[in-house]
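# Examination of the molecular architecture
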Amino acid sequence: MSTIDVLVLRAGTHGMPAGDYAAELRDRLPDHRIEVATTPQEERALAVEARVITSTHFDANLLDDTPELELFAGVAAGYDHLPLDALAGHGVAVTNASGVHAPNIAEQVLGYILMFARGLDEARRRQERREWRHYQTREIKGSTVTIVGLGAIGKAVANRVTAFDVDTIGIRYTPKKGGPTDRVIGFDDADFHDALADTDYLVVATPLTETTRGLVGTEEFETLPPDAYLVNVGRGPIVDTDALIVALRKNAIGGAGLDVTDPEPLPHNHPLWRFENVTITPHNAGHSPAHWDRLADIVAGNVRQLGDGAAPVDLENLVRSPE
């Protein structure tokens, strides 16, 4: 039985097939064995031989049949959906796709903000009615953009929005690390609310953790200025959906751009669909035609590192070390 260096499971992402991902990996690792599992049966059969498995999800039940497994490489930036404890307990390191999505998600954040500031959603509605009637807009220049999370996505947002001549505030777990924003603060409640009080655009671009779950709720919407705009490209549960709906109904917030929701997918009859000042996209900000290309660079580099005997701590985008 020969070892499979990388096993790509059958699930693609954003409509891009897993086979294309495998092709990118083969280009970078021509001397390695790369396989794609196309059925559940193949996943289980090939996992027995795999040193690295990569996909959107991982079934912990596979661990009983993966004696060679050293690394699970997630293809998304988020990892709260993965069985991290089970993988680590089995001696498997876990990496993610942090950084792969940064350019396209940052562009989408700017799209939400520009649409809201310049009233492009209202323009579309009037165009559909063939109605030539002026409406009022606002400028982004001189506003304050607060970015929750200064990972690759948050940094990309900050670097791009700075071109609009705005003030920026970054919020991260370790403020001493600094960042590309004018100010960097932590998650301390008082500091967070002080930042919210000055915020025109609140961008949520942080992973879902115990700290960030429900981070933006009733009290936070009361602190935000009533014309502030919320963008969530992190995870749905970071924003309290019920509190958001109340704020929208009370005109206590100017609007929202939501690429993620809670629940997700958003049910057909959910109230959020009915607000004209809310733009909803189906967790689509992460899509880029360069996704597999960028991810394959990271995963192929880690495969080479493992082949050279590197410790898990040396792997790029490590989110959990093996126990």
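You'll find the structure just up there.
Structure report, in brief. (Residues numbered from 1 in each chain as written. Predicted model: local features only at pLDDT ≥ 70, side-chain atom pairs only at ≥ 80, totals over all residues. Heavy atoms only, no water.)

## Here's the deal with empty space enclosed by the protein
A complete count under the given rule lists one cavity of 30 Å³ or more for this structure. In terms of lining residues, the largest cavity is bounded by Asn232, Gly236, Val239, Thr241, Leu244, Leu258, Val260, Thr261, Asp262 and Leu272. Along the lines of polarity and charge, the residues of the lining of the largest cavity split into five nonpolar, four polar and one charged. (1 Å grid on protein atoms, 1.4 Å probe; cavity = no way out; pocket = protein on both sides within 12 Å on 5 of 7 lines; lining within 4 Å. Points joined across faces, edges and corners; volume = space filled by probe spheres on them. Nonpolar A, V, L, I, M, F, W, Y, C, P; charged D, E, K, R; others polar.)

## A few points about helix H1 (residues 18-28)
In an α-helix, one full turn covers 3.6 residues, which means residues spaced three or four apart are oriented alike. Taken residue by residue, H1 has Ala18, Tyr21, Ala22, Leu25 and Arg28 as its buried positions. With its buried residues spanning 120° around the axis, H1 presents them on a single face. Here the buried face of H1 lies against strand E1 (6-8), strand E2 (34-36), strand E3 (52-55) and helix H10 (291-307). (Buried < 20%, exposed > 50% of the residue type's maximum accessible area, 1.4 Å probe, protein only. Helix = DSSP H or I, 4+ residues; strand = E, 2+ residues; numbered from the N terminus. Arc of directions from axis to C-beta. Contact = heavy atoms within 4.5 Å.)

## Concerning the packing of aromatic side chains
Taken as a whole, this structure holds six aromatic pairs when the rule is applied. With a centroid separation of 4.4 Å and an interplanar angle of 5°, the aromatic rings of Tyr21 and Trp292 are classed as stacked. Separated by 271 residues along the polypeptide, Tyr21 in helix H1 and Trp292 in helix H10 bring together distant segments of the chain. Using a relative accessible area of 1% as the deciding quantity, one classes Tyr21 as buried. For Trp292, a relative accessible area of 5% gives the class buried. Taken together, a centroid distance of 6.5 Å and an interplanar angle of 85° make the contact between Phe116 and Tyr201 edge-to-face. Of the two residues, Phe116 sits in helix H4 (residues 102-118) while Tyr201 sits in strand E9 (residues 201-204), which places them 85 residues apart along the sequence. Each member of the pair Phe116 and Tyr201 is classed as buried. Linked through ring pairs, Phe116, Tyr201 and Tyr229 together constitute an aromatic cluster. (Phe/Tyr/Trp six-rings, centres within 6.5 Å; stacked < 30°, edge-to-face > 60°.)

## With respect to the sheet that holds strand E11 (residues 255-258)
In space, the seven strands of this open sheet follow the order E8-E7-E6-E9-E10-E11-E12, with parallel pairing throughout. With one partner strand each, in any of the chains shown, strand E8 (183-185) and strand E12 (278-280) form the two edges of the open sheet. Strand-to-strand twist of the sheet, defined as the mean angle between neighbouring strand axes without regard to direction, takes the value 15°. Looking at chain direction, E11 and E12 are connected through three bridges and run parallel. Paired with Ala256 across the strands is Val278, a residue of E12. (Pairing = 2+ DSSP bridges. Axes fitted to C-alpha atoms, helices over the stretch in contact; angles between N-to-C directions.)

## Topic: the nonpolar core
If you look at the biggest cluster of nonpolar residues, it comprises 32 residues, and the most contacted ones within it are Phe221, Leu230, Leu244 and Leu272. Within the residue set of this core, elements represented by two or more residues are strand E7 (167-171), helix H7 (189-197), E9, helix H9 (241-249), E11 and E12. At five residues, H9 tops the list of elements feeding residues into this core. In this structure Phe221 touches Val216, Leu230, Val239, Asp240, Ala243, Leu244, Ala247, Ala252 and Ile253, once residues within four positions along its chain are discounted. Core analysis: the second largest hydrophobic core is formed by 27 residues, Ile113, Phe116, Val145 and Val233 among them. (Core = buried A, V, L, I, M, F, W, Y, C linked by side-chain atoms within 4.5 Å.)

## As for the layout of surface pockets
Considered as a void within the structure, the second largest pocket measures approximately 220 Å³ in volume. Lining the second largest pocket are 14 residues; nearest its centre among them are Phe116, Gly119, Asp121, Arg125 and Asn277. Secondary-structure elements contributing two or more residues to the lining of the second largest pocket are H4 and helix H5 (120-128). The residue makeup of the lining of the second largest pocket, split by class, is four nonpolar, five polar and five charged.

## Some points on the sheet that holds strand E5 (residues 93-95)
Strand pairing in a sheet is mediated by backbone hydrogen bonds. Such pairs are either parallel or antiparallel. Spatially, the six strands line up as an open sheet ordered E2-E1-E3-E4-E5-E13, and their pairing is mixed. Of all strands in the sheet, those bounded by a partner on one side alone are E2 and strand E13 (318-320). The sheet shows a mean angle of 25° between the axes of neighbouring strands, taken without regard to direction. Sheet topology note: the E5/E13 ladder contains two bridges and is antiparallel. Residue pairing for E13: Thr95 is matched across the bridge by Leu318. Along the sheet, H10 contacts E1, E3, strand E4 (71-74) and E5; its crossing angle with E4, the most-contacted strand, is approximately 170°.

## A look at unusual backbone geometry
In this structure, the amide linkage connecting Asp262 to the following residue, Pro263, adopts the cis form with an omega of 10°. Among the structural elements, Pro263 can be located in the loop between E11 and E12. Cis geometry is adopted by the peptide bond preceding Pro265, which originates at Glu264 and carries an omega value of 0°. The phi dihedral of His14 falls on the positive side, at around 50°, and the residue is not glycine. Within the element layout of this structure, His14 appears in the loop between E1 and H1. Judged by relative accessible area, His14 falls into the partly exposed class, the value being 29%. Backbone geometry at Asn317 places phi at a positive 65°, although glycine is not the residue there.

Everything listed here is a matter of coordinates, which is why it stays silent on function.
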